[in-house]
Structures are given as structure tokens and as C-alpha cells.
Amino acid sequence: MKSSEKGYSLIELIFSISIIAMASGAAGGAVFQILHNTERNSDQMTVVRQVQNAGYWISSDARMAVSAATTDNLTSPDFLVFSWTQWEDDGDPIYYSATYFFTDNTSGVGTLKRRYWTSTGANQTTTRIAQYIYYDPADAANTSNASYQNSILTVTITAIINQTRESKEYKIKHRPNF
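Summarised in this report is the structure supplied together with it.

What counts, and at which threshold
Residues numbered from 1 in each chain as written. Predicted model: local features only at pLDDT ≥ 70, side-chain atom pairs only at ≥ 80, totals over all residues. Heavy atoms only, no water. Helix = DSSP H or I, 4+ residues; strand = E, 2+ residues; numbered from the N terminus. Buried < 20%, exposed > 50% of the residue type's maximum accessible area, 1.4 Å probe, protein only. Contact = heavy atoms within 4.5 Å. Expected span 1.5 Å × (residues − 1). Salt bridge = Lys/Arg side-chain N within 4 Å of Asp/Glu carboxyl O. Pairing = 2+ DSSP bridges. Phe/Tyr/Trp six-rings, centres within 6.5 Å; stacked < 30°, edge-to-face > 60°. Lys NZ or Arg CZ within 6 Å of the ring centre and 35° of its normal.

1. A short note on the environment of W117
Moving on, step 1. Mapped onto the elements of the fold, W117 is located in strand 4 (residues 109–118).
Moving on, step 2. Under the relative-accessibility criterion, W117 is labelled partly exposed at 38%.
Moving on, step 3. Contacts of W117, omitting those with residues within four sequence positions, involve Y95, Y96, S97, A122 and N123.

As C-alpha cells, then:
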């Protein structure tokens, strides 16, 4: 370009536009990866939290229970039933029962709820123990399930959101009766 001429040549414009296009493409790809990974990480954290929440509630009731009915002995939507007795100072027994069951089960994924009953009149259903819990008795290898053998309750909880899956096995031994 001569010093008296002003402006850019066609080659300079093409070169600068191609640099801007490459930079924009790289930035767009980075933004896409960030958004995609954020959604996947959010799904992973959600399924982990749901499995932990179900395990907390079930473990709490299982430690109190004298008897437990598991998926082998129950019909759907019931998942677990725990029963126990507490003795008052005056010698009267109070009977307790906690039943875990599934609602809104769509394609094997539903909400785990808890129904709590006492002989003193308490009868309440906990709105939601955990969501996205996978329960499909036809898929015994991958579904949430429970079994009771040799004084140990083994509960496997599986949660699924989109393509994200989390399973955890809980082995619970109830407290000794003194």
C-alpha cells in the first residue's frame, strides 16, 4: 500500500475476518462446553443427593425396626415396611410403622414417599423422601431393591436423571434390643 493511499487491501480484510471467525468459534465452543458440563454436573449432584436422602430416611427407620418387609414380600407401589414398638414408662406399648412407597412412576422413575403411623394417632405421609428413583421390578439387576437376610437389611437405591445414574447400596443392621 502506498503511503498516500488510505484503507485496507482485500487480503488484509480477509485475513482479519478469518482471525475474528476463528476466535469467535473457539469462544462459542468454550461457552457450549461450560453450559453442557454445568447441566451434567447439576444432574450428577441431584441424583447423588436423592440417593443420600433416601438412604438417610430408610437407615433411620431400619435401625428402630423390629421387623421389616422388603420388595420380595410386598406389592407395588410399596417398597419397604418397618414396624417397631416403644414402651412407655407406665408399661403401655406404642406401635409404630413406616411404609416407603413409590408415586408418579413413569418409565420406572418415580418419587419415593414415606407414610408414618403410630397407635397413638399419628398418621402422616411425608411429601417426598427422594425424586428420580428408579424402580422397575422387571429390571432386577439395575433397579432399586431391598432384601433382609441374616439380620442385615440391604437396600440399593438408584436415581436417574436424563443419562445420569447413581446407585448406592446400604447395609443396615438394626440396633440391639436390650
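Text resumes after the structure shown.
2. Overview of helix 1 (residues 10–64)
Moving on, step 1. The end-to-end C-alpha separation of helix 1 is 82 Å, in line with the 81 Å expected for 55 residues at 1.5 Å each.
Moving on, step 2. Inspection of helix 1 places D43, V47, Q50, V51, A54, G55, I58, S59, D61 and A62 among the buried residues, and these make up the whole buried set.
Moving on, step 3. The elements touched by buried residues of helix 1 are strand 2 (78–87), strand 3 (93–106), strand 4, strand 5 (123–134), strand 7 (152–161) and strand 8 (164–173).

3. Some thoughts on the environment of M45
Moving on, step 1. Along the chain, the position of M45 falls in helix 1.
Moving on, step 2. Judged by relative accessible area, which is 58%, M45 ranks as exposed.
Moving on, step 3. Residues M45 and R128 lie 83 residues apart in sequence; the distance between their C-alpha atoms is 18 Å.

4. Observations regarding the environment of Q50
Moving on, step 1. Structurally, Q50 can be placed in helix 1.
Moving on, step 2. Along the backbone, Q50 and T85 are 35 residues apart, and their C-alpha atoms lie at a distance of 29 Å.
Moving on, step 3. When near neighbours in sequence (up to four residues on either side) are disregarded, Q50 contacts I129, A130, Q131, Y132, I133 and A159.

5. Notes on the pattern of salt bridges
Between side chains of opposite charge, a pair can form when the charged atoms approach closely.
Moving on, step 1. All told, the structure shown has 2 salt bridges when counted by the stated rule.
Moving on, step 2. Residue D61 is joined to R114 by a salt bridge in which the shortest nitrogen-to-oxygen separation is 2.7 Å. Highlighted residues: D61 in helix 1 and R114 in strand 4, separated in sequence by 53 residues.
Moving on, step 3. Judged by relative accessible area, which is 7%, R114 ranks as buried.

6. Things to note about the pairing of strand 2
Moving on, step 1. Sheet topology note: the strand 1 (residues 67–69)/strand 2 ladder contains 3 bridges and is antiparallel. Bridging across to strand 2, S67 finds its partner in S83.
Moving on, step 2. The pairing of strand 2 with strand 3 spans 9 bridges and is antiparallel. In the strand pairing of strand 3, W87 is matched with P93.
Moving on, step 3. Hairpin remark: strand 2 followed by strand 3, antiparallel, with 5 residues in the connecting loop; positive phi at G91, about 90°.

7. Remarks on the packing of aromatic side chains
Moving on, step 1. Inspection of every chain in the model, using the stated rule, returns 7 aromatic pairs.
Moving on, step 2. On the basis of an interplanar angle of 5° and a centroid distance of 5.5 Å, the ring pair of W84 and Y96 is categorised as stacked. You can see W84 sitting in strand 2 and its partner Y96 sitting in strand 3, a full 12 residues away along the chain. The same class applies to W84 and to Y96, which are both buried.
Moving on, step 3. Centroid distance Y96 to Y116: 6.1 Å. Interplanar angle 40°. Geometry classified as tilted. Of the two residues, Y96 is situated in strand 3 and Y116 in strand 4; the sequence distance between them amounts to 20 residues. Taken as a pair, Y96 and Y116 share a single burial class, namely buried.
Moving on, step 4. Lying over the aromatic face of Y134, R165 brings its terminal NZ or CZ to 5.4 Å of the ring centre.
Moving on, step 5. Here K168 stacks its cationic end above the ring of Y170, 5.3 Å away from the centre of that ring.

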